[in-house]
Amino acid sequence: KPELADYIVSLVGKTRQDPMIARGASPRATLSLGAMAKSVAYVQGRDYVLPKDIQAVFVSTCAHRLLLSAEADAKGIWNWSKQRACARKSCWKVF
């Protein structure tokens, strides 16, 4: 569905607008996010994707792709859990 594709693009785009993230998720992350959401739908027994499928995999699909900013480093946001929190924060801005 075009609406879900727009939603995925919007989520990934938010990672590029957060001041705590120096390099947001790439176009390849957009493709991966769509594929992972399809996988979740399939495991749930559906042949269609819902927004909750995208939300379920956003952080695990995108967090490791982010490069945090110098400001984030200065504030001590450097470990994996903090990186996931930044991704989650970007995600919630769209929800």
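Above this note sits the structure.
What you see is a predicted model, and the numbers here were worked out from it, not measured in a lab. (Residues numbered from 1 in each chain as written. Predicted model: local features only at pLDDT ≥ 70, side-chain atom pairs only at ≥ 80, totals over all residues. Heavy atoms only, no water.)

Counting its secondary structure elements, the protein contains 5 helices and 2 strands. If you list the helices and strands of the protein from N to C, you get α-β-α-α-β-α-α. A burial count over the protein gives 40% of its 95 residues as buried. When the accessible surface of the protein is totalled, it reaches about 5700 Å², and 57% of it is carbon and sulfur. (Helix = DSSP H or I, 4+ residues; strand = E, 2+ residues; numbered from the N terminus. Buried < 20%, exposed > 50% of the residue type's maximum accessible area, 1.4 Å probe, protein only. Areas by Shrake-Rupley, 256 points an atom, 1.4 Å probe, with all protein chains shown as cover.)

Moving on: the packing of helix 1 (residues 2–15) against helix 3 (residues 51–62). Relative orientation of the contacting elements helix 1 and helix 3 amounts to 25°, with a least axis distance of 10 Å. By the criterion of interaxial angle, the relationship of helix 1 to helix 3 is roughly parallel. Here helix 1 runs over helix 3; the crossing is right-handed. Residues L4, Y7, I8, L11, V12 and T15 of helix 1 form the contact with helix 3, whose participating residues are P51, I54, Q55 and F58. Of the residues in the contact of helix 1 with helix 3, the class split is 8 nonpolar, 2 polar and no charged. (Axes fitted to C-alpha atoms, helices over the stretch in contact; angles between N-to-C directions. Parallel < 35°, antiparallel > 145°, perpendicular 65-115°, else oblique. Left-handed = near helix turned anticlockwise from the far one by under 90°. Contact = heavy atoms within 4.5 Å. Nonpolar A, V, L, I, M, F, W, Y, C, P; charged D, E, K, R; others polar.)

Moving on, we get to the packing of helix 2 (residues 27–43) against helix 3. Their axes nearest at 9 Å, the elements helix 2 and helix 3 cross at an angle of 130°. By the angle between their axes, helix 2 is oblique relative to helix 3. As for how helix 2 packs across helix 3, the hand of that crossing is right-handed. Taking contact as the criterion, the partners of A29, S32, L33, M36, A37, V40 and A41 in helix 2 are, on helix 3, D53, I54, V57, F58, T61 and C62. Class assignment of the residues belonging to the contact of helix 2 with helix 3 gives a composition of 10 nonpolar, 2 polar and 1 charged.

A separate point is the pattern of salt bridges. Counted by the stated rule, this structure contains 1 salt bridge. D53 is the salt-bridge partner of R46, the closest N and O atoms lying 2.7 Å from each other. Per residue, the accessibility class of R46 equals that of D53, and both read buried. (Salt bridge = Lys/Arg side-chain N within 4 Å of Asp/Glu carboxyl O.)

Moving on, we come to the packing of aromatic side chains. Counted by the stated rule, this structure contains 0 aromatic pairs. In this arrangement the basic side chain of R46 is found over the ring face of Y48, its NZ or CZ atom lying 5.5 Å from the centre. (Phe/Tyr/Trp six-rings, centres within 6.5 Å; stacked < 30°, edge-to-face > 60°. Lys NZ or Arg CZ within 6 Å of the ring centre and 35° of its normal.)

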